[in-house]
Amino acid sequence: MTTVERDHAYILQTYARTPIEIVSGEGSLLYDKEGKSYIDLGSGIAVNTLGVSDKGWCRAVSAQLSRIQHTSNLYYHAGGAELAETLAARTGYARVFFSNSGAEANECAIKAARLYASRRHGTDCYHIITLQNSFHGRTLTTLAATGQEVFHRDFTPLTEGFHAVLPTMSEIRKAVDAYQTAAVMLEPVQGEGGVCALPKDFLTELAALCREKDILLIADEVQCGNGRSGTLYTYMQYGIFPDVLTTAKGLAGGLPLGATMMTDAVAAYFEKGMHGSTFGGNPAATAGALYVLSQLTDDFLADVVKKGEMIVDRLTGKRGIVAVSGLGLMRGVAVTGDAGKIIDACRARGVILLRAKNMLRLLPALNIPDELLSRALDIIAEEAAREAT
Ligand SMILES: *Cc1c(COP(=O)(O)O)cnc(C)c1O
């Protein structure tokens, strides 16, 4: 049997996979089973922050693997403690909880909001306002937080108390008045929903409202965090400081790691036994994250911004392209033609892209060489023009 046949025979068929089998890579180049090479503008959905098999990253993770791969959270370990200290120093958050995925990082944030609100405002204060078109994960509770009905179908009843509204202050105020609200939860740059950066004045005003009413602001930076938007975390560009910040995807550069960071005011309500994870913050994953963060210096991030501007400059106004959205190296390209066809055509020519709604989604490794990015952008522009309607 081939890999595809085995997959189709034995794996739960929940993914509409692209018909290629990637077997190796180097930096921002991927190689499939037939030896064909691709410029990778997906980085495993914003996971391979430093590309494939980055030498320093491999060394850091391998060194940890050869000492000990896992200890459980029953014992102390240096990597987890050091990573927590690094995140605190670089963000200002007091404490972090480590998990293994974005959904779990968000679950922890939601538990934190319920805990905080119930202690301060009573157990009826548990509602969470989210935004339409958001994406927060696939567990029943993070699905409830996800403001896209299409994901809810067949899985009801979901966790109650979530209300998705349009991203305007009047809609938020209406919801906050209608429900005893524990938190507002949002992605500063919506990923799956269409690579849409929230307006700065909206987020500033929202943060002020939350502060005034003692409602927690939860920023889901699972996708837009870890340097992707051009700053270490996206909130840093908005001049706000969310009470809870979640991240995952790119944090460990290719190993499963989620993080839920919070202020002291929120963290103070957690007691031993209230939350946990067997794998969360495992030594291998935290070694990967420590290495990734060591690379995300100010100079490196300035380069991410430049590469992002190159995408905007080279694609904006081209035939078949309506607009380029997003921040840094998290970009959406709205096209007049069929996004799926453009993505297939680009892949045939050796460029791997992602999709969000009818948009091309570009999430390259943050260290993609300009020359590779430039070549890929030429191909995207040509194929978008060819499919233009
Ligand atoms: C991918 C994603 C998640 C879910 O992360 P998983 O690791 O797949 O559980 C949550 N929120 C956002 C914004 C995401 O992009």
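Anything mentioned here points back to the structure above.
None of these values were measured; they are calculated from a predicted model.

> Could you clarify how one ought to interpret the sheet that holds strand β1 (residues 22–26) in this entry?
Backbone hydrogen bonds are what pair the strands of a sheet, in a parallel or an antiparallel way. Here four strands make up an open sheet; going across it, the order is β1-β2-β3-β15 and the pairing mixed. Across the chains shown, the open sheet's two edge strands, defined by having one partner strand only, are β1 and β15 (351–352).

> Quick question: what am I supposed to make of the site of the ligand here?
What surrounds the ligand is the set S101, G102, A103, N106, F135, H136, G137, E187, D220, V222, Q223 and K249. In this structure, a nitrogen atom belonging to the ligand sits 2.8 Å away from a side-chain N or O atom of D220. Within the contact set of the ligand, an oxygen atom lies 2.8 Å away from a side-chain nitrogen or oxygen of Q223. Relative to its unbound accessible surface of 390 Å², the ligand loses 81% to contact with the protein.

> Is there a simple way to think about the pairing of strand β12 (residues 258–262) in this case?
Working note: regular strand, side chains alternate between the two faces of the sheet. Of all the five residues making up β12, five are buried; the element is thus mostly covered by neighbouring parts of the structure. Along β12, one buried face is formed by G258, T260 and M262 and the opposite face, lined by A259 and M261, is buried too. As defined by bridge partners, strand β4 (residues 95–99) adjoins β12 across five bridges and the pair is classed as antiparallel. Along β12, the bridge assignment pairs F97 with T260. Pairing of strand β11 (residues 244–247) with β12, which is carried by four bridges, proceeds in the antiparallel orientation.

> Help me out: how do you make sense of the nonpolar core in this one?
Inside soluble globular proteins, nonpolar side chains tend to come together where they are buried. L41, I172, L206 and L360 are the most contacted members of the largest nonpolar core, which totals 83 residues. At eight residues, helix α13 (residues 370–386) tops the list of elements feeding residues into this core. L41 has contacts with V351, I352, L353, R361, L362, L363, P364, I368, L373, A376 and I380, leaving out every residue within four places of it along the chain. In this structure, F97, Y116, A183 and M262 belong to the second largest nonpolar core, which totals 23 residues.

> What should I look at first to understand the pairing of strand β3 (residues 37–40) in this one?
In this sheet, β3 lies alongside strand β2 (residues 29–32) in antiparallel orientation, the contact comprising three bridges. Note on β3: the bridge partner recorded for L29 is I39. Summarising the sheet, β3 and β15 pair through two bridges and their orientation is parallel. Along β15, the bridge assignment pairs D40 with I352.

> Just checking my understanding: could you explain the layout of surface pockets for this structure?
Take a probe with the size of a water molecule and roll it over the atoms, and the empty space left behind shows itself. In this structure, the second largest pocket encloses a volume near 1,100 Å³. Looking at the lining of the second largest pocket, the elements that each hand over two or more residues are α4 (78–91) and β4. Looking at which element gives the most residues to the lining of the second largest pocket, the answer is β4, with four residues. When its residues are assigned to classes, the lining of the second largest pocket shows 14 nonpolar, nine polar and three charged.

> Where do I start with the pattern of salt bridges in this structure?
Think of it this way: side chains of opposite charge can pair up when their charged atoms draw near. If you walk through the whole model with that rule in mind, you get 14 salt bridges. Residue R173 is joined to E205 by a salt bridge in which the shortest nitrogen-to-oxygen separation is 3.3 Å. On the criterion of sequence distance, the pair formed by R173 in helix α7 (residues 169–178) and E205 in helix α8 (residues 200–213) is long-range, its members being 32 residues apart. For R173, a relative accessible area of 36% translates into the label partly exposed. Each of R349, E382, E383 and R386 takes part in one network of salt bridges that share partners.

> What's the story with the packing of helix α12 (residues 339–348) against α13 in this structure? I'm lost.
The description of two helices packed together rests on the angle between their axes and the distance between the axes. Contact geometry for α12 and α13: axes closest at 9 Å, N-to-C directions at 135 degrees. One way to sum up the angle between α12 and α13 is to call them oblique. In the packing of α12 onto α13, the handedness of the crossing is right-handed. Residue-level inspection shows I342, A345 and C346 of α12 in contact with α13, the latter providing I379, I380, E383 and A384. The class makeup of the residues in the contact of α12 with α13 is six nonpolar, no polar and one charged.

> Is there a simple way to explain the packing of aromatic side chains in this structure?
Each pair of aromatic rings is reported with the distance of its centres and the angle of its planes. Taken as a whole and judged by the stated rule, the model has five aromatic pairs. Plain terms: the ring middles of Y93 and F241 are 4.4 Å apart, the flat faces sit at 25 degrees to each other, and that makes the pair stacked. Of this pair, Y93 sits in the loop between α4 and β4 while F241 sits in the loop between β10 (216–220) and β11, placing them 148 residues apart in sequence. Under the relative-accessibility criterion, F241 is labelled partly exposed at 31%. Pairing Y235 with F241 gives two aromatic rings, centres 5.7 Å apart and planes at 65 degrees, and the pair type is edge-to-face. Here a set of aromatic residues connected by ring pairs shows up, and it is made of Y93, Y235 and F241.

Rules used in this analysis
Residues numbered from 1 in each chain as written. Predicted model: local features only at pLDDT ≥ 70, side-chain atom pairs only at ≥ 80, totals over all residues. Heavy atoms only, no water. Pairing = 2+ DSSP bridges. Helix = DSSP H or I, 4+ residues; strand = E, 2+ residues; numbered from the N terminus. Near = heavy atom within 4 Å. Polar contact = N/O pair within 3.5 Å; in protein donor to acceptor, adjacent residues only side chain to side chain. Areas by Shrake-Rupley, 256 points an atom, 1.4 Å probe, with all protein chains shown as cover. Buried < 20%, exposed > 50% of the residue type's maximum accessible area, 1.4 Å probe, protein only. Core = buried A, V, L, I, M, F, W, Y, C linked by side-chain atoms within 4.5 Å. Contact = heavy atoms within 4.5 Å. 1 Å grid on protein atoms, 1.4 Å probe; cavity = no way out; pocket = protein on both sides within 12 Å on 5 of 7 lines; lining within 4 Å. Points joined across faces, edges and corners; volume = space filled by probe spheres on them. Nonpolar A, V, L, I, M, F, W, Y, C, P; charged D, E, K, R; others polar. Salt bridge = Lys/Arg side-chain N within 4 Å of Asp/Glu carboxyl O. Axes fitted to C-alpha atoms, helices over the stretch in contact; angles between N-to-C directions. Parallel < 35°, antiparallel > 145°, perpendicular 65-115°, else oblique. Left-handed = near helix turned anticlockwise from the far one by under 90°. Phe/Tyr/Trp six-rings, centres within 6.5 Å; stacked < 30°, edge-to-face > 60°.

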